[in-house]
Amino acid sequence: MSIPENLADILARLSAARKAAILPAPAIHLIAISKTVDESGIRAALAAGQRGFGENRVQEAQAKFPALKTEFPDLELHLVGLLQSNKVKEAMSLFDVIVSLDRIKLADALAAERDKGATCPRLFIQVNTGEEEQKAGVLPANLEALLAHARSLKLPVEGLMCIPPAGDDAAPHFAFLLQRARDLGLSQLSMGMSGDFELAIKFGATHVRVGSAIFG
Ligand SMILES: *Cc1c(COP(=O)(O)O)cnc(C)c1O
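Small disclaimer: the values here were computed from a predicted structure and weren't measured.

A. The arrangement of the overall build of the protein in detail. Looking only at helices and strands, the protein has 10 helices and 8 strands in total. A globule of 216 residues ought to have a C-alpha radius of gyration of about 17 Å, and the protein, at 17 Å, matches this closely. Among the 216 residues that make up the protein, the fraction classed as buried is 50%. Summed over all atoms, the accessible surface of the protein reaches about 9900 Å², with 54% contributed by carbon and sulfur. Counting 23 positive and 25 negative side-chain charges, the protein places the averaged centre of each group 3 Å from the other.

Rendered as structure tokens:
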């Protein structure tokens, strides 16, 4: 299927999943993950009306998106991968949302750039719900302290993000993230990918990150 057909299919499934959810989010945003996708693929999605995109590397996004963002002012770009402290300035000038805030040091670096005049993107804290050694994200036990620190710096933290361990049942991870967001007064949840976005919507996802099901 083509990119426009894939998008139409995903949007229909998203809408059906939202209707079937027990407590559906007021709005669910489809973020098309365009890592490794070239400009023609991104343009095909834009032509079909898609405006939310996500990339996992600052450098790759810098090569693809500045001109597109000028051309499509309502394009919203999410950083969904690890952000190194030395790339903070570049990331802040390009991304509208960073969903991978995962450590105190990164919060400090974002606040420092903000204090020098940069606008801070909206932020989500990435939680390593599976407590996997190799995976990014703050451990659940350290989430509250990281959020308190970010709030003390007046950083715009809006939500939580997770990537459940491959092969695990994702449901308990999504349920956990929903519960933590509620406990902590956060309204946004970035969770669910090509294989499990309908399940994530059932658990209150506000942003689903779908790559391969759109771009192949
Ligand atoms: C690649 C990626 C996705 C999209 O994964 P698909 O399975 O291709 O939909 C979502 N989130 C993150 C953080 C990713 O790196």
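B. Here's a closer look at the packing of aromatic side chains. Within this structure, the stated rule accounts for 1 aromatic pair. Summarising the aromatic geometry, the rings of Phe53 and Phe65 are spaced 5.9 Å apart at their centres and angled 50° between planes, so their arrangement reads as tilted. Linking Phe53 in strand β2 (residues 52-55) with Phe65 in the loop between α3 (58-64) and α4 (66-71), this pair joins segments that are 12 residues apart in sequence.

C. Seen up close, the site of the ligand. What surrounds the ligand is the set Ile33, Lys35, Val80, Ile163, Met193, Ser194, Arg209, Val210, Gly211 and Ser212. Within the side chain of Arg209, one N or O atom sits 2.9 Å away from a nitrogen atom of the ligand. One nitrogen or oxygen atom from the main chain of Ser212 is found 2.8 Å from an oxygen atom belonging to the ligand. Contact with the protein chains covers 82% of the free accessible surface of the ligand, which is 390 Å². Class assignment for the residues of the shell around the ligand results in 5 nonpolar, 3 polar and 2 charged.

D. Region of interest: the side chain of Ser34. With respect to the helices and strands, Ser34 occurs in the loop between β1 (29-33) and α2 (39-47). Under the relative-accessibility criterion, Ser34 is labelled buried at 0%. When neighbours within four sequence positions are excluded, Ser34 is seen to be in contact with Ile42, Phe53, Gly54, Glu55, Glu60, Lys64, Phe65 and Phe215.

E. Seen up close, the pattern of salt bridges. Applying the stated criterion across every chain yields a total of 16 salt bridges. Notably, a salt bridge pairs Asp74 with Arg51, separated by 3.2 Å at the nearest N-O pair. On the criterion of sequence distance, the pair formed by Asp74 in the loop between α4 and β3 (76-79) and Arg51 in the loop between α2 and β2 is long-range, its members being 23 residues apart. Arg51 sits in the partly exposed class, given a relative accessible area of 24%. Of the charged contacts, one joins Lys69 and Asp96 as a salt bridge, the two residues approaching to 3.1 Å between their closest N and O atoms. Residue Lys69 is located in helix α4, and its partner Asp96 is located in the loop between α5 (88-94) and β4 (97-101); the two are separated by 27 residues in the primary sequence.

F. View of unusual backbone geometry. Its identity as a non-glycine residue notwithstanding, Thr36 has a phi of 65°, on the positive side. Among the secondary structure elements, Thr36 is positioned in the loop between β1 and α2. For Thr36, a relative accessible area of 73% translates into the label exposed. Phi is positive for Lys154, close to 60°, though the residue is something other than glycine. The topology assignment puts Lys154 in the loop between α7 (143-152) and β6 (157-161). On the basis of relative accessibility, which here comes to 67%, the residue Lys154 falls in the exposed class.

G. Structural context of the side chain of Asn128. By the secondary structure assignment, Asn128 is in the loop between β5 (122-126) and α7. There is a polar contact of 3.3 Å between the side chain of Asn128 and the backbone oxygen of Lys135. Discounting residues that sit within four places of it in the chain, Asn128 has contacts with Lys135, Ala136, Gly137, Val138, Leu139 and Pro140.

H. Region of interest: helix α8 (residues 171-184). Between its first and last C-alpha, α8 extends 20 Å over 14 residues, near the 20 Å set by a 1.5 Å rise per residue. For α8, the complete set of buried residues consists of Ala171, His173, Phe174, Leu177, Leu178, Arg180, Ala181 and Leu184. As for α8, its buried residues are in contact with α7, β6, β7 (188-190) and α9 (197-202). Trailing α8 by a residue or two, Gly185 shows a phi angle of about 75°, which is positive.

Conventions used here
Residues numbered from 1 in each chain as written. Predicted model: local features only at pLDDT ≥ 70, side-chain atom pairs only at ≥ 80, totals over all residues. Heavy atoms only, no water. Helix = DSSP H or I, 4+ residues; strand = E, 2+ residues; numbered from the N terminus. Rg over C-alpha atoms; globule rule 2.2 N^0.38 Å. Buried < 20%, exposed > 50% of the residue type's maximum accessible area, 1.4 Å probe, protein only. Areas by Shrake-Rupley, 256 points an atom, 1.4 Å probe, with all protein chains shown as cover. Lys, Arg positive; Asp, Glu negative; His and termini not counted. Charge placed at Lys NZ, Arg CZ, Asp CG, Glu CD. Phe/Tyr/Trp six-rings, centres within 6.5 Å; stacked < 30°, edge-to-face > 60°. Near = heavy atom within 4 Å. Polar contact = N/O pair within 3.5 Å; in protein donor to acceptor, adjacent residues only side chain to side chain. Nonpolar A, V, L, I, M, F, W, Y, C, P; charged D, E, K, R; others polar. Contact = heavy atoms within 4.5 Å. Salt bridge = Lys/Arg side-chain N within 4 Å of Asp/Glu carboxyl O. Expected span 1.5 Å × (residues − 1).

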